[in-house]
Amino acid sequence: MKTIDQASFAGKNVLIRVDFNVPLDENYKITDDNRIAAALPTIKKILADGGAVILMSHLGRPKDGPTEKYSLKHLIPHLSDLLGQEVQFANDCIGQEAIDKAKELEPGEVLLLENLRFYKQEEKGDVEFAKKLAALGNVYVNDAFGTAHRAHASTSVIAQFFPDAKYFGYVMASELENAEKVLNNAAKPFTAIMGGSKVSDKIQLIEKLLDKVDNLIIGGGMAYTFAKADGGNIGTSLVEMDKLELAKNLQQKAKDKGVKLFLPVDNVVADKFANDAQTKIAKTGEIDDNWMGLDIGPETIKLFSEVIENSKTILWNGPMGVFEMESFLVGTKAIAEAVVKATDNGAFSLIGGGDSAAAVSKFGLTERVSYVSTGGGALLEYMEGKELPGVKAIND
Ligand code: AMP
């Protein structure tokens, strides 16, 4: 793997694609700076070598060019604090200002470019746009795992302009190493925990995992498609009616491959999709009409926790219930605690990004698991066995 450890960057202008797509409140204050914090070691290594750093990122999903709300300038104060030095800013990621500011950079200085997605060419993977970005630096580093599954100008197309000077940053390197560890080097028993709203989003990963895991735990909204496929009553719970056959097939495949499949045995059901709903516990397949399952129940927590606590490798992707609402976070929290317990006992635990990472962070347990991925979609695609454009571009 070509990482920044294999080079010294003294005297170079190093273009780093980072993932600074952080949430901001209405006063443009950063509410979760994990993604910025994750990129610091890469930035600091290059500065310490005597290189100058040019940071490029997207923020949000701007639709019509430059928009105040999505300006990366809002990140300058916090980024300066974290780095302990001034951060310069170019109001446009390409064009004369960016060219001049990049040229004038001294070793040890940092320049942040304006939001890449103010140009439609970024997501289109436009070669001319990538070339303009490339002209700002003489080395390219990709440290944005969260967008590595996208063939965008700054994440993959740009790499062709740096045939001998392109590297993975530390975030990318550790993401790939940890994913590999789970996929190809898992200590047994290996348990995958799948949750979230839809089976359809995760079918490919589930199928792939059936060849690798000893235990497969399925919770969250997707479990009701399995309950329905088994002929149970699921009330108004989330269901994908066109995936019933698939749910049956997955159960059969698990059996054929000797994988133990665990589904919820009881559920917290609610009379509406709201935090102040009336709730009760219902057995799986016995949910009354007009009630919906929004979390796993206490018997299920016991069952799942025991499996998790006896595992040596754990991969978790997707919450067990609607954890964003206080009334339905108990199951997800209990599973997070079981993962922590297993980790304390020597298991390796990898938390897939997105909602599972948000849940673990909400419970203050991020530091208590082995690794929390910064990429939701990117991690899923990598684990499904797909070649990520952002990874391929550096490896080629
Ligand atoms: P995903 O993006 O597919 O990983 O799904 C995450 C979302 O699934 C979260 O926003 C959860 O609130 C939601 N979710 C989990 N369990 C349920 C459920 N039983 N019913 C509805 N939504 C759920």
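Residues numbered from 1 in each chain as written. Predicted model: local features only at pLDDT ≥ 70, side-chain atom pairs only at ≥ 80, totals over all residues. Heavy atoms only, no water.

Turning next to the site of the ligand. The environment of the ligand is made up of 15 residues, and the closest members are Ser197, Lys202, Gly293, Glu324 and Asp355. Contact between the ligand and Ser197: an oxygen atom at 3.0 Å from a main-chain N or O atom of the residue. A distance of 2.4 Å is found between an oxygen atom of the ligand and a side-chain nitrogen or oxygen belonging to Glu324. A total of 500 Å² of accessible area belongs to the ligand in isolation, and the protein chains cover 82% of it. (Near = heavy atom within 4 Å. Polar contact = N/O pair within 3.5 Å; in protein donor to acceptor, adjacent residues only side chain to side chain. Areas by Shrake-Rupley, 256 points an atom, 1.4 Å probe, with all protein chains shown as cover.)

Next up on the list: the environment of Arg61. Within the secondary structure, Arg61 sits in the loop between strand 2 (52-56) and helix 2 (76-83). Classification of Arg61 as exposed rests on a relative accessible area of 64%. (Helix = DSSP H or I, 4+ residues; strand = E, 2+ residues; numbered from the N terminus. Buried < 20%, exposed > 50% of the residue type's maximum accessible area, 1.4 Å probe, protein only.)

Along strand 1 (residues 13-17), 5 of the 5 residues are buried, which leaves the element largely enclosed by surrounding structure. Side chains Asn13, Leu15 and Arg17 project from strand 1 onto one buried face, and the interleaved Val14 and Ile16 project onto a second face that is buried too. Where strand 1 lies against strand 2, 5 bridges are found, and the strand directions are parallel. Paired with Val14 across the strands is Val53, a residue of strand 2. On the question of chirality, the crossover connecting strand 1 to the parallel strand 2 by way of helix 1 (residues 34-49) is right-handed. Taken together, the 4 bridges between strand 1 and strand 5 (residues 139-142) define a ladder with parallel strand orientation. The partner of Arg17 across the bridge, within strand 5, is Asn142. (Pairing = 2+ DSSP bridges. Right-handed = clockwise from strand over helix to strand, strands pointing away.)

Attention now goes to helix 1. Compared with the 22 Å implied by 1.5 Å per residue over 16 residues, the 24 Å span of helix 1 between its first and last C-alpha is a close match. Leu40 marks the point of greatest bend in helix 1, at about 35 degrees, and the proline Pro41 comes within the next four residues. Along helix 1, the residues that are buried comprise Ile36, Ala39, Leu40, Thr42, Ile43, Lys45, Ile46 and Leu47. Its buried side turned inward, helix 1 meets strand 1, strand 2, helix 2, strand 4 (110-113), strand 5 and helix 6 (170-184). Count one or two residues on from helix 1 and you reach Gly50, which has phi positive near 100 degrees. (Expected span 1.5 Å × (residues − 1). Bend = angle between axes of the 7 residues up to and from the residue. Contact = heavy atoms within 4.5 Å.)

Overall, the coordinates contain 18 salt bridges when judged by the stated rule. A salt bridge links Lys101 to Glu97, with the shortest nitrogen-to-oxygen separation between them at 2.8 Å. Of this pair, Lys101 and Glu97 both sit in helix 3 (residues 96-103), 4 residues apart, which is roughly one turn of the helix. A salt bridge links Asp242 to Lys243, with the nearest nitrogen and oxygen atoms 3.2 Å apart. For Lys243, a relative accessible area of 19% translates into the label buried. (Salt bridge = Lys/Arg side-chain N within 4 Å of Asp/Glu carboxyl O.)

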